[in-house]
2 protein chains.
Amino acid sequence: MKKQLGAKPWLYPMPTPLVAAAHAGERGVFTVAWVGIGSGTPATVAMAVRATRNTLRLIEKSGEFTVNVPCVGQEAIVDFCGIVSGRDTDKFAAAGITPTPGTVVSAPLVEECPFNLECRLTGVHDMGEYRLVLGEILETHADEEILDEAGTGVDVGKLDPLVYVPGSREYRGLTAKVADAYSVGVPLKGRL
Amino acid sequence: MKKQLGAKPWLYPMPTPLVAAAHAGERGVFTVAWVGIGSGTPATVAMAVRATRNTLRLIEKSGEFTVNVPCVGQEAIVDFCGIVSGRDTDKFAAAGITPTPGTVVSAPLVEECPFNLECRLTGVHDMGEYRLVLGEILETHADEEILDEAGTGVDVGKLDPLVYVPGSREYRGLTAKVADAYSVGVPLKGRL
């Protein structure tokens with residue numbers, strides 16, 4: 001039996017990256033769980049941001065932002081950047097994180113996050129109290145310590161990304177691999 | 001040191017729900033990793049779908065779809081629904097999953113997935129070879145076995161959601177709780 005829980009914005013799992021931007025000497029960083037991929041051509045991020053967010057103002061003024069994926073162990077930083085406004089404070093300093101230059105955009109990367117995306121703002125859609133922010137992914141960065149054996153991709157076990165769980169509002173990590181994609185479902189083709 | 005990996009659509013972690021729709025006696029289901037929350041007011045899903053996908057046609061014709069969150073153990077079904085087209089076959093039958101009526105929309109829920117969202121199509125944006133599909137969440141359903149103690153939310157440990165890892169293309173699960181959100185970062189406020 002299924003129980004109806006109402007119209008909840010719950011999806012499992014959710015990421016919980018730090019999103020950063022800068023404009024005219026001001027910089028901002030905040031935590032976004034409502035983010036995913038919005039297209040593959042070009043590679044694009046889609047994220048829902050409350051319209052009053054301070055960093056959103058910087059994103060819209062500069063036309064650029066970064067998405068910085070944290071690892072297990074960085075949950076206090078991630079949580080802090082989600083519950084405190086940067087309107088009157090420098091959250092980089094307070095959280096002990098380092099803004100570092102990207103290679104394409106002027107928005108700062110968060111040095112301590114092991115995986116980072118540089119994005120150029122390509123669209124904003126008003127969605128009630130939120131804005132759906134679209135950004136083309138121009139470059140990705142990975143700490144050398146999290147690279148796979150070939151050095152061309154990410155070893156997710158080494159990345160150990162932090163996961164957000166909505167509803168119960170908690171952080172979790174990832175287990176070891178359960179199965180290979182584009183593989184474990186192939187035997188079911190025999191039923192066609 | 002960080003290494004640049006190019007403009008990749010990689011975010012960690014990703015969900016991997018089954019998305020289903022029906023129209024005029026035809027039904028379809030496929031797997032979507034590029035999905036997240038697009039707004040909170042109203043609660044809205046945003047997902048990137050390749051424009052040629054058969055189920056996208058059913059979503060656009062019917063104006064409705066469901067998002068069905070699978071658990072660890074269902075990775076073969078999830079994988080199969082991602083790699084096979086439903087244009088000439090009934091994937092529900094082939095995958096051994098059950099289309100079951102929702103309470104609001106006529107799109108089928110996937111009975112075997114323990115958490116489900118019913119959505120009404122509210123927008124489609126062309127994004128290169130993809131379309132960004134927006135859907136208002138009208139209802140959520142949870143198997144009674146995955147409810148929390150209060151019976152009003154989801155116990156994510158019982159749900160045990162399947163996770164998709166891009167790049168290395170693998171499925172993983174979630175570990176136990178690392179920390180409580182809106183809590184673990186509070187001590188950092190002392191630095192302000």
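Residues numbered from 1 in each chain as written. Chains lettered and ligands numbered in written order. Predicted model: local features only at pLDDT ≥ 70, side-chain atom pairs only at ≥ 80, totals over all residues. Heavy atoms only, no water.

**Points about the overall build of chain A**
The number of helices and strands found in chain A is 4 helices and 12 strands. Expected size for 192 residues packed as a compact globule is a radius of gyration near 16 Å; at 18 Å, chain A falls within 12% of this value. With the C-alpha coordinates aligned to their principal axes, the bounding extent of chain A is approximately 60 × 45 × 35 Å. Pairs at least 24 residues apart make up 60% of the contacts formed inside chain A by residues separated by at least 6 positions. (Helix = DSSP H or I, 4+ residues; strand = E, 2+ residues; numbered from the N terminus. Rg over C-alpha atoms; globule rule 2.2 N^0.38 Å. Contact = heavy atoms within 4.5 Å.)

**Some thoughts on the sheet that holds strand 11 (residues 163-165) of chain B**
With respect to topology, 4 strands assemble into an open sheet ordered 11(A)-12(A)-12(B)-11(B), the strand pairing being antiparallel. Of all strands in the sheet, those with a lone pairing partner are strand 11 (163-165) of chain A together with strand 11 of chain B, marking the two edges. When the angles between neighbouring strand axes are averaged without regard to direction, this sheet yields 50°. Sheet topology places strand 12 (residues 170-180) of chain A next to strand 12 (residues 170-180) of chain B; 7 bridges connect them, and they run antiparallel. Paired with R172(A) across the two strands is K177(B), which belongs to strand 12 of chain B. (Pairing = 2+ DSSP bridges. Axes fitted to C-alpha atoms, helices over the stretch in contact; angles between N-to-C directions.)

**Describing the relation of the copies chain B and chain A**
Least-squares fitting of chain B to chain A yields an RMSD of 0.0 Å, with the transformation described by 0.0 Å of translation along the axis and a rotation of 180°. Taken together, the turn and the small shift mark the pair as related by a two-fold rotation axis. When the interface residues of chain B are mapped onto chain A, 100% of them again lie at the interface, so the same face is used by both copies. (Least-squares fit on C-alpha atoms with pLDDT ≥ 70 in both.)

**Topic: the interface of chain B and chain A**
Much of the literature gives interface size as the accessible area that the parts lose upon coming together. Every contact between the two is made by 99 residues of chain B and, on the other side, 99 residues of chain A. Taking both partners together, chain B and chain A bury about 8,800 Å²; carbon and sulfur atoms supply 66% of that area. It is K2(B), Y12(B) and I37(B) that lose the most area in chain B upon contact with chain A, and together they represent 9% of the buried surface on that side. Across the chain B-chain A interface, the total number found is 2 salt bridges. Among the salt bridges present, the one from K2(B) reaches D143(A), with a minimum N-O distance of 2.6 Å. At the boundary of chain B and chain A, one finds 44 residue pairs in polar contact (both at pLDDT 80 or more). Looking at the side of chain B that touches chain A residue by residue, the classes come out as 57 nonpolar, 25 polar and 17 charged. (Buried area = accessible area lost by both parts, 1.4 Å probe. Salt bridge = Lys/Arg side-chain N within 4 Å of Asp/Glu carboxyl O. Polar contact = N/O pair within 3.5 Å; in protein donor to acceptor, adjacent residues only side chain to side chain. Nonpolar A, V, L, I, M, F, W, Y, C, P; charged D, E, K, R; others polar.)

**Quick look at the packing of aromatic side chains**
Counted under the stated rule, the structure contains 6 aromatic pairs over all chains. Geometrically, the ring pair formed by F115(A) and Y12(B) is edge-to-face, given 5.2 Å between the ring centres and 85° between the ring planes. Of this pair, F115(A) sits in strand 9 (residues 115-127) while Y12(B) sits in the loop between strand 1 (2-4) and strand 2 (18-23), which puts the two residues in different chains. For the pair shown, F115(A) and Y12(B) are each scored as buried. For the pair Y164(A) and Y171(A), a centre-to-centre distance of 5.9 Å together with 55° between the ring planes defines the contact as tilted. As far as the burial class goes, Y164(A) and Y171(A) line up, both buried. (Phe/Tyr/Trp six-rings, centres within 6.5 Å; stacked < 30°, edge-to-face > 60°. Buried < 20%, exposed > 50% of the residue type's maximum accessible area, 1.4 Å probe, protein only.)

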